[in-house]
Amino acid sequence: MQIILKQLSILYIFLLSGWLIGKLKKDKASHSDILSVLLVNILLPAKVFRSFAGNFTLSYLAKGYTLVLASLVLLLVLVVIGALAPKILTKHPYERKVYGYSFAITNYAYLGYALIEAVFGEEVLADFMFFAIPFIVYTYTMGYALLTGGKDPIKKLLNPITVAMLLGMICGLTGVTVPDVISSAVSMASSCVGPLSMLLVGMTLSTFALKELLTNKTVYVFCAIRLLVIPMLAYLVCRLAHLDTLMPMVIMITCMPCGLNTIVFPKMIGEDCKTGARLALISHFFSVVTLPLWLSLI
């Protein structure tokens, strides 16, 4: 538990630092856009490539395909929940889309990858990234279309993260090694994901008034479901079905706080991203308590 709290504290120090920078240097708050570009196009792809290139072998593939099948089932269940539950939470059409997306997709990448690697190590991180493949595909296809109204989500399959994943798979399967200088650069970029992602969360949240973000009761209801009810149901299913090897993946992808795409994607089409900001702020705040709880169980 002490290790978990230490790693969470380090990550949330960066989040608070990002928030303070955004508040004290309001003219620099737009720099969060630069951080977002760096994370999505360079740093996160570097972490994904490094993990797959080092762990994605034929022997791993033989035992790892069950992770993807289990992930597909979990994703389908969450998407169905996301299609039905928001109708009870709100009458606003776009808010329903934001809640629906957030039921299915959490901050499994920016926060999840960094936390899992710090607490459990690279081997578990590799398993988790493999498990997350259906969620990555959904995020940048159907999830993107849901929040932006896009009509051709398949085109979004070709993006830096999925390309890095494919290249990492090829290197892992073939045994091809990249030059040492490139490997070192990838390793350095990969290590930046955790701190910069939390700085991005903080800087993004700083652009909104706290009072405005903290006074929506529906968001608290959603966060209770997202951070407690859904992980608890996932935990019970894994226990009853004796899915001990899958439990870390299932719990980690369901217990994370809400991600930032409910802010980033709406901004792209000029839609109000206040609901996404509320979900991000409140869920990250309460995850300081809920994440150690779930991590200690697994």
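Remember, it's a predicted structure, so these values are computed and weren't measured experimentally.

Mapped onto the fold, leucine 243 is located in the loop between helix 13 (217-240) and helix 14 (247-255). As for leucine 243 and valine 289, which are separated by 46 residues in sequence, their C-alpha atoms are 25 Å apart.

Moving on to the packing of aromatic side chains. Across all of its chains, the model carries seven aromatic pairs by this definition. For the pair phenylalanine 285 and phenylalanine 286, a centre-to-centre distance of 5.3 Å together with 80 degrees between the ring planes defines the contact as edge-to-face. The class of phenylalanine 285 is exposed, set by a relative accessible area of 57%. Taken together, Tyr108, Tyr113, Phe128 and Phe135 form an aromatic cluster joined through their ring pairs.

What follows deals with helix 10 (residues 180-191). For helix 10, spanning twelve residues, the distance from its first C-alpha to its last is 17 Å, which sits close to the expected 16 Å at 1.5 Å a residue. Among all positions in helix 10, only Val186, Ala189 and Ser190 are buried. Down the axis of helix 10, the smallest arc covering the buried residues is 100 degrees, so these residues share one side. Exposed residues lying more than 90 degrees from the buried face of helix 10 are Asp180, Val181, Met188 and Ser191.

The next subject is the side chain of threonine 106. Structurally, threonine 106 is set in the loop between helix 5 (93-104) and helix 6 (110-120). A polar atom in the side chain of threonine 106 sits 3.0 Å from the backbone oxygen of isoleucine 253. In this structure, threonine 106 is in contact with Arg226, Ile253, Thr254, Met256, Pro257 and Gly259, ignoring residues within four places of it in sequence.

Let us now look at unusual backbone geometry. Phi at histidine 242 is positive, roughly 60 degrees, even though this residue is not glycine. With respect to the helices and strands, the residue histidine 242 is situated in the loop between helix 13 and helix 14. Overall, histidine 242 belongs to the exposed group, its relative accessible area being 67%.

Under the 1.5 Å per step criterion, the end-to-end length of helix 5 is 17 Å for twelve residues, consistent within 8% with the ideal 16 Å. Turning to helix 5, its buried residues number three or more, namely Tyr94, Val98, Tyr99, Gly100, Tyr101, Ser102, Phe103 and Ala104.

Enumeration over the complete set of coordinates arrives at five salt bridges. Among the ionic pairs, arginine 50 bridges to glutamate 122, the shortest N-O distance being 3.1 Å. Of the two residues, arginine 50 is situated in helix 2 (residues 31-55) and glutamate 122 in helix 7 (residues 122-131); the sequence distance between them amounts to 72 residues. The partly exposed category is assigned to arginine 50, whose relative accessible area is 31%. Where lysine 274 meets glutamate 212, a salt bridge forms, and the shortest distance between an N and an O atom there is 2.6 Å.

The next point concerns the environment of proline 179. Within the secondary structure, proline 179 sits in the loop between helix 9 (160-174) and helix 10. A sequence separation of 15 residues divides proline 179 from glycine 194, and the C-alpha atoms of the two residues are 25 Å apart.

What follows concerns the packing of helix 3 (residues 58-84) against helix 14. Put simply, helix 3 and helix 14 touch, their axes get as near as 11 Å, and they point 35 degrees apart. Read as a crossing pair, helix 3 and helix 14 show a hand that is right-handed. Contacts from Leu67, Leu74 and Leu78 in helix 3 reach Met249, Val250, Ile253 and Thr254 in helix 14. When the residues that make up the contact of helix 3 with helix 14 are grouped by side-chain class, the tally is six nonpolar, one polar and no charged.

We now examine the side chain of arginine 226. On the secondary structure map, arginine 226 appears in helix 13. With no salt bridge to any partner, buried arginine 226 finds its closest opposite charge in glutamate 95, at an N-O distance of 17 Å. From its side chain, arginine 226 meets the backbone oxygen of serine 102 in a polar contact 3.3 Å long.

Here the focus is a nonpolar patch on the surface. A cluster of nonpolar side chains, contributed by Leu228, Val229, Met232, Leu233, Leu236, Leu240, Leu293 and Leu297, occupies part of the molecular surface with about 710 Å² of accessible area. Listed by contribution, the elements that provide at least two residues to the nonpolar patch are helix 13 and helix 16 (274-297). At six residues, helix 13 tops the list of elements feeding residues into the nonpolar patch. Along the chain, leucine 293 turns up in helix 16. By relative accessible area, which is 40% here, leucine 293 ends up partly exposed.

Cut-off values and rules
- Residues numbered from 1 in each chain as written.
- Predicted model: local features only at pLDDT ≥ 70, side-chain atom pairs only at ≥ 80, totals over all residues.
- Heavy atoms only, no water.
- Helix = DSSP H or I, 4+ residues; strand = E, 2+ residues; numbered from the N terminus.
- Phe/Tyr/Trp six-rings, centres within 6.5 Å; stacked < 30°, edge-to-face > 60°.
- Buried < 20%, exposed > 50% of the residue type's maximum accessible area, 1.4 Å probe, protein only.
- Expected span 1.5 Å × (residues − 1).
- Arc of directions from axis to C-beta.
- Polar contact = N/O pair within 3.5 Å; in protein donor to acceptor, adjacent residues only side chain to side chain.
- Contact = heavy atoms within 4.5 Å.
- Salt bridge = Lys/Arg side-chain N within 4 Å of Asp/Glu carboxyl O.
- Axes fitted to C-alpha atoms, helices over the stretch in contact; angles between N-to-C directions.
- Left-handed = near helix turned anticlockwise from the far one by under 90°.
- Nonpolar A, V, L, I, M, F, W, Y, C, P; charged D, E, K, R; others polar.
- Lys, Arg positive; Asp, Glu negative; His and termini not counted.
- Patch = residues over 30% accessible without salt bridge, like charges linked within 9 Å, V, L, I, M, F, W, Y side chains within 5 Å.
- Areas by Shrake-Rupley, 256 points an atom, 1.4 Å probe, with all protein chains shown as cover.

Structural measurements only, silent on function.
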